[in-house]
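One letter stands for each residue in the lines below.
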Amino acid sequence: MNIGVLGWDHGDEDPDSPGLAEAGRRRGHDTSLVTLDEVGYAAAASGLRVLLGGAPAESFDAVICRANLYGDWHVRPFTGWEERLEKLQAVSAALGPRMFDPADVWFAGYSKFLTAQKLAAAGLPAPPTRSATSLADVAAAVAEFGPTVVKPSFGLRAMDVERVDDPSDPAAAALVERLLHSYGALLCTPYYPTEHGEFRITVGGEAMPIDMLKLPAYGAWRVKTLEGASFERLDAPPELADLALRAARAMGLTLAGLDILPTAGGYVILEVNPVAGFLNIFGEGPRQEVFDGVYDWIEKHAG
């Protein structure tokens, strides 16, 4: 098969985009890696033709999406968002069912509001969610939920994810106002205790070889490996594995990283990340199993 990987980059920041392309070659596919910056258009007899790295999009038997909609987020986050989404939609329209995964699925995976909506519609345990465009809205969330987590709908690496216990506290109020100034609207959910950690389940097609329990650093409430959280590999119990797989399918994602929190009331799905990272965290073997799961799924479903 002729398979394109619409990657985050060529490996400067994301080693798993070129890793996906190389895994395809290992399986005997003609696989190429391009980014959204390399999507262009050529004139056709009627309208235009979408190009991936200079090749017509329709020449690909399948395209795996791992696209970066944030742009150069280190320097100018969200700059050029409209053009990048436009390109992703154009590729998706050209490929149809050969796109893994299409633009609407990808966009929903980036959006925390849309993720919560889709999970709830599928009967899956997403946290209660409300929006805030003012400090008064955050205060209403705290009145309803108690301690509240606020964050932008479109965020990266848990940046600007904050906890608000008392919005009348001047420091908390200043924090909320800063976030509102930056993002306009915030997503508010209840804060769930994290001292027992949260699960990260990686789904690649139907394979789940990279499952772990993450524990927060001492004194921290956020469970982030980049902030010192520890982690250990585990074999997910059947009910957790089933929940993760159902959530990935509900979102329409072929490859996803899910953060699932155990609470007194059962599991709560905090995030379904369409750009699952750290795939080599337990070595090359499990990473290749994820890639193989993705290609097994594509070989089965590419139409």
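This text gives an overview of the structure that appears in the document. What you are looking at is a predicted structure, and each value in this text was computed from that prediction instead of being measured.

Moving on, we get to the sheet that holds strand β2 (residues 30–34). The strand order across the open sheet built from 4 strands is β2-β1-β6-β7, with neighbouring strands paired in parallel fashion. One side of each edge strand has no neighbouring strand; the edge strands of this open sheet are β2 and β7 (99–100).

On to the packing of aromatic side chains. Each aromatic ring pair is characterised by the separation of its centres together with the angle its planes make. By the definition in use, this model includes 10 aromatic pairs. Between W8 and Y70, the aromatic rings sit 6.3 Å apart at their centres with planes inclined by 55°, giving tilted as the arrangement. Placement of W8 in the loop between β1 (2–6) and α1 (16–26) and of Y70 in the loop between β6 (62–65) and α2 (81–95) is noted, with a sequence separation of 62 residues between them. In this structure, W8 and Y70 share a single accessibility class: buried. An angle of 75° between the planes, with centres 6.2 Å apart, marks the rings of F199 and Y267 as edge-to-face. In this pair, F199 sits in strand β12 (residues 198–204) while Y267 sits in strand β16 (residues 266–273), placing the two residues 68 residues apart along the sequence.

This next bit is on helix α3 (residues 103–110). Most of α3 sits out of view: 6 of its 8 residues are buried. Within α3, the full set of buried residues consists of A103, V105, W106, A108, G109 and Y110. The elements touched by buried residues of α3 are β6, α2, α4 (112–121), α7 (238–251) and β16.

Where burial is concerned, most of strand β11 (residues 186–190) is hidden: 5 out of the 5 residues are buried. Side chains of β11 alternate between two faces, with L186, C188 and P190 and L187 and T189 buried alike. Relative to β11, strand β8 (residues 130–132) runs antiparallel, the two sharing 3 bridges. From the neighbouring strand, R130 faces β11, where its bridge partner is C188. In this sheet, β11 lies alongside strand β9 (residues 148–151) in antiparallel orientation, the contact comprising 4 bridges. Pairing of V150 across the sheet is with C188, part of β11.

Definitions and limits used
Residues numbered from 1 in each chain as written. Predicted model: local features only at pLDDT ≥ 70, side-chain atom pairs only at ≥ 80, totals over all residues. Heavy atoms only, no water. Pairing = 2+ DSSP bridges. Helix = DSSP H or I, 4+ residues; strand = E, 2+ residues; numbered from the N terminus. Phe/Tyr/Trp six-rings, centres within 6.5 Å; stacked < 30°, edge-to-face > 60°. Buried < 20%, exposed > 50% of the residue type's maximum accessible area, 1.4 Å probe, protein only. Contact = heavy atoms within 4.5 Å.

Without other data, these values stay purely geometric and don't point to any function.
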